[in-house]
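Structural characterization, general
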Amino acid sequence: MSVSTAAARANRGVDTEGRAPEELREIVSHWGAELELAPAETIIEWAAATFGERFAITSSMGDAVLAHLASKVVPGIDVVFLDTGYHFIETIGTRDAVEATMPVNLLTITPVQSVAEQDAEYGKDLYRTDPDLCCALRKVKPLADSLASYDAWATGLRRAETKNRVIAPVIGWDAKRQKVKVSPMARWSDEQVERYIEDNGVLVNPLVYDGYPSIGCAPCTRRVAPGEDPRSGRWAGTGKTECGIHA
């Protein structure tokens with residue numbers, strides 16, 4: 001299912017009027033510490049019970065671990081995927097496989113402008129001339145628009161991935177979007193992820209096994225040599241380390 005705004009959810013009859021930010025912050029304050037050491041499945045179950053259809057998960061399709069976890073607990077859950085127009089074909093293939101094999105409602109979100117329209121307005125290859133603006137237009141804003149009809153969203157963010165994510169709370173407050181941000185796998189190690197994939201036969205983007213441990217847009221992602229930081233292949237040579245979604 002491809003959508004560009006939250007209108008699709010309104011058309012499905014989903015309530016688009018959510019809780020006030022003050023109430024959502026109170027939920028975070030009350031439950032954050034309570035769920036810090038809870039299993040990922042318990043955290044997802046809590047979020048689904050608390051927010052109902054106003055809870056979704058996001059996936060960049062590097063793997064389908066979070067989608068698999070959530071689909072076991074909440075069959076039919078909304079899974080939001082940002083199609084930037086610059087993805088590797090393997091990433092699109094992983095998305096298609098998740099949609100075909102898991103009991104989820106996969107929502108493909110696209111930017112307002114196509115790549116060609118963006119090139120016409122800002123100049124060719126904006127990802128090269130102004131990568132921050134490119135990410136803002138093709139990732140950050142589309143995600144904000146897509147989350148408009150949710151009170152809470154879950155990510156596959158893990159503290160082990162990078163030092164910048166060490167303090168990522170399991171239940172946190174997304175001040176930028178005024179949402180509850182849930183990171184069920186925040187405490188998971190790389191070994192735990194690998195074990196879950198093996199034990200459950202979870203889909204993995206084939207690029208992961210071809211030297212791409214962290215996968216973004218094709219023009220801005222390179223292979224990583226053994227021993228390098230797994231995220232060193234993202235925006236290599238630019239000094240950029242995050243797209244802005246988790247800033």
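Residues numbered from 1 in each chain as written. Predicted model: local features only at pLDDT ≥ 70, side-chain atom pairs only at ≥ 80, totals over all residues. Heavy atoms only, no water.

We now examine the overall build of the protein chain. Across its full length, the protein chain carries nine helices and seven strands. Expressed as a percentage of its 247 residues, the buried residues of the protein chain come to 50%. Looking at the protein chain alone, contacts between residues at least 24 apart form 70% of all its contacts between residues at least 6 apart. Of the roughly 11,600 Å² of accessible surface on the protein chain, a fraction of 53% belongs to carbon and sulfur atoms. (Helix = DSSP H or I, 4+ residues; strand = E, 2+ residues; numbered from the N terminus. Buried < 20%, exposed > 50% of the residue type's maximum accessible area, 1.4 Å probe, protein only. Contact = heavy atoms within 4.5 Å. Areas by Shrake-Rupley, 256 points an atom, 1.4 Å probe, with all protein chains shown as cover.)

In this structure, Asp125 is a non-glycine residue whose phi angle is positive, near 60°. Note on placement: Asp125 falls in the loop between helix H6 (115–122) and helix H7 (126–129). The phi dihedral of Gln178 is positive, around 60°, even though this residue is not glycine. As for its placement among the helices and strands, Gln178 is situated in the loop between strand S6 (171–174) and strand S7 (179–182).

Right, let's get into the confidence of the model for the protein chain. With 87% of its residues at a pLDDT of at least 70, the protein chain reaches an overall mean of 88. Throughout residues 1–14 the model reports pLDDT below 50, and contacts reaching past four residues in sequence, or to other chains, amount to 30 contacts. (pLDDT = per-residue confidence, 0-100.)

Moving on to helix H2 (residues 21–31). Along H2, the residues that are buried comprise Leu24, Ile27 and Val28. One face of H2 carries all of its buried residues, which in axial projection span an arc of 95°. Counted as exposed and oriented over 90 degrees from the buried face of H2: Glu22, Glu26, Ser29 and His30. Of the surrounding elements, those touching the buried residues of H2 are helix H3 (40–51), S6 and S7. (Arc of directions from axis to C-beta.)

Both faces of the sheet carry side chains from a regular strand, because those side chains alternate between them. As defined by bridge partners, S6 adjoins S7 across four bridges and the pair is classed as antiparallel. Bridging across to S7, Ile171 finds its partner in Val182. Connecting the antiparallel pair S6 and S7 is a turn made up of four residues, with Gln178 showing a positive phi of about 60°. (Pairing = 2+ DSSP bridges.)

This next bit is on the side chain of Asp174. Checked against the element boundaries, Asp174 lands in strand S6. Apart from residues lying up to four places away in sequence, Asp174 is in contact with Trp153, Lys179 and Lys181.

Before going further, it helps to examine the nonpolar core. One finds Phe51, Phe55, Ile57, Val65, Ile171 and Val182 to be the most contacted residues of the largest nonpolar core, which totals 43 residues. Tallying contributions element by element places H3 first for this core, with seven residues. Discounting residues that sit within four places of it in the chain, Val182 has contacts with Ile43, Trp46, Ala47, Phe55, Trp153, Ala154, Thr155, Val170 and Ile171. (Core = buried A, V, L, I, M, F, W, Y, C linked by side-chain atoms within 4.5 Å.)

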